[in-house]
Amino acid sequence: MRARTLAGEGEALHGLIKLAGLSEDDRRAIAGHASDLVTAIRAESKPRLMESFLEEYGLTTREGVALMCLAEALLRVPDAPTIDALIEDKIAPSDWARHLGHSSSPFVNASTWALLLTGKVLEDDDDSIAGVLHSALRQLGEPVIRAAVSRAMKELGRQFVLGRNIGEAMSHANRAEAQGFTYSYDMLGEAARTAFHAAQYTQAYGEAIEAIAGAASTDDIRANPGISIKLSALHPRYEFAQRRRVLDELVPAVLALARKAKSARAGLNIDAEEADRPDLS
């Protein structure tokens, strides 16, 4: 991997095409399976909120991308001014009006109205009388806007984020687990910048494994819940230039978590990292 870091695009692409090695039969089978999945989802009589949003907005529009950014980001934004700035950045430039009344979901249609009005309030900054009034409305209305958009986005965000902590996540997973699904729990925002933060993540992973142990009811780890850890969350200098230090300091921490997971009969997955880190991983 290190030797091919600066490989030319043509050379790299040719190699990837050879690696794929898909025959026409393989491609037909994949396309057929994908088509069956789409048909089954579209035939579902009770689409979930996420499916209703994606049906209307998709991920190929500015509005869809803005919604996804908000859904993921608002759950982790720490303060009201930052939330206001994020909402203004993501909502004001978008064309919400063209989505009005198009969805089969009343919640999606109501949210579109809210997003449209929010955008109109946030985008108007001229110095006319109307602009001054809009500015006043903006100042008076931001807490309401923030609360409404945050609520809508949290409902949407729950499709991606099960909970604020391991206990909440496991509680929300109960229904799907009853249907036969299993979970490998992950944490958001993993990136230790200091030894203190790395110690916090190490402790959080350990506590998550202890919580998971209570739900690990079989001797088959594949049937039990598991945990996914990120190595850069466990060391503040997880980079190739610090390889010797990382091996000396990080390996014992990972080994301790692995042993803890083994005792809990839980699977432990090591997450992928950025492109400049897989060599070290």
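Higher on the page you've got the structure.
Student: Is there a simple way to explain a nonpolar patch on the surface in this structure?
Tutor: On the surface, L13, L16, I17 and L19 cluster together to form a nonpolar patch covering roughly 460 Å² of accessible area. Relative to the helices and strands, L13 is located in helix α1 (residues 9–20).

Student: Is there a simple way to think about the packing of aromatic side chains in this case?
Tutor: Note on aromatic pairs: each is described by the distance of the centres and the angle between the planes. Tallying each qualifying case throughout the model produces two aromatic pairs. Their ring planes at 15 degrees and their centres at 5.7 Å tell us that Y183 and Y185 sit as a pair that is stacked. On the basis of relative accessible area, Y183 is assigned to the partly exposed category, the value being 23%. Their ring planes at 35 degrees and their centres at 6.5 Å tell us that Y201 and Y205 sit as a pair that is tilted. On the criterion of helical spacing, the pair formed by Y201 and Y205 is a turn pair, its members being four residues apart in helix α10 (residues 195–213). For Y205, a relative accessible area of 0% gives the class buried.

Student: Explain the pattern of salt bridges here, please?
Tutor: Between side chains of opposite charge, pairing is possible as soon as their charged atoms come close. The final tally for this structure, using the stated rule, is ten salt bridges. One salt bridge connects K260 with E210, and the closest N-O pair in it is separated by 3.0 Å. Of this pair, K260 sits in helix α11 (residues 243–263) while E210 sits in helix α10, and the two are 50 residues apart along the sequence. Between R265 and D219 there is a salt bridge, with its nearest N and O atoms 2.8 Å apart. Taken together, the positions of R265 in the loop between α11 and β3 (268–270) and D219 in the loop between α10 and β2 (226–229) put the pair 46 residues apart, joining distant regions of the chain. Taking the relative accessible area as the measure of exposure, R265 reaches 32% and is therefore partly exposed. When salt bridges that share partners are traced, they join E273, E274 and R277 into one network.

Student: Is there a simple way to explain α10 in this structure?
Tutor: Along an α-helix, a turn takes 3.6 residues, which lines up residues three or four apart on a common side. End to end, α10 covers 27 Å across 19 residues, agreeing with the expected 27 Å (1.5 Å per residue, within 8%). Among all positions of α10, only A198, Y201, Y205, G206, A208, I209 and I212 are buried. Viewed end-on, α10 has its buried residues packed into an arc of 160 degrees, placing them on one side of the element. Each element contacted by the buried residues of α10 is listed here: α8 (166–172), β1 (184–185), β2, α11 and β3.

Here is what the cut-offs are and how they apply
- Residues numbered from 1 in each chain as written.
- Predicted model: local features only at pLDDT ≥ 70, side-chain atom pairs only at ≥ 80, totals over all residues.
- Heavy atoms only, no water.
- Patch = residues over 30% accessible without salt bridge, like charges linked within 9 Å, V, L, I, M, F, W, Y side chains within 5 Å.
- Areas by Shrake-Rupley, 256 points an atom, 1.4 Å probe, with all protein chains shown as cover.
- Salt bridge = Lys/Arg side-chain N within 4 Å of Asp/Glu carboxyl O.
- Helix = DSSP H or I, 4+ residues; strand = E, 2+ residues; numbered from the N terminus.
- Phe/Tyr/Trp six-rings, centres within 6.5 Å; stacked < 30°, edge-to-face > 60°.
- Buried < 20%, exposed > 50% of the residue type's maximum accessible area, 1.4 Å probe, protein only.
- Expected span 1.5 Å × (residues − 1).
- Arc of directions from axis to C-beta.
- Contact = heavy atoms within 4.5 Å.

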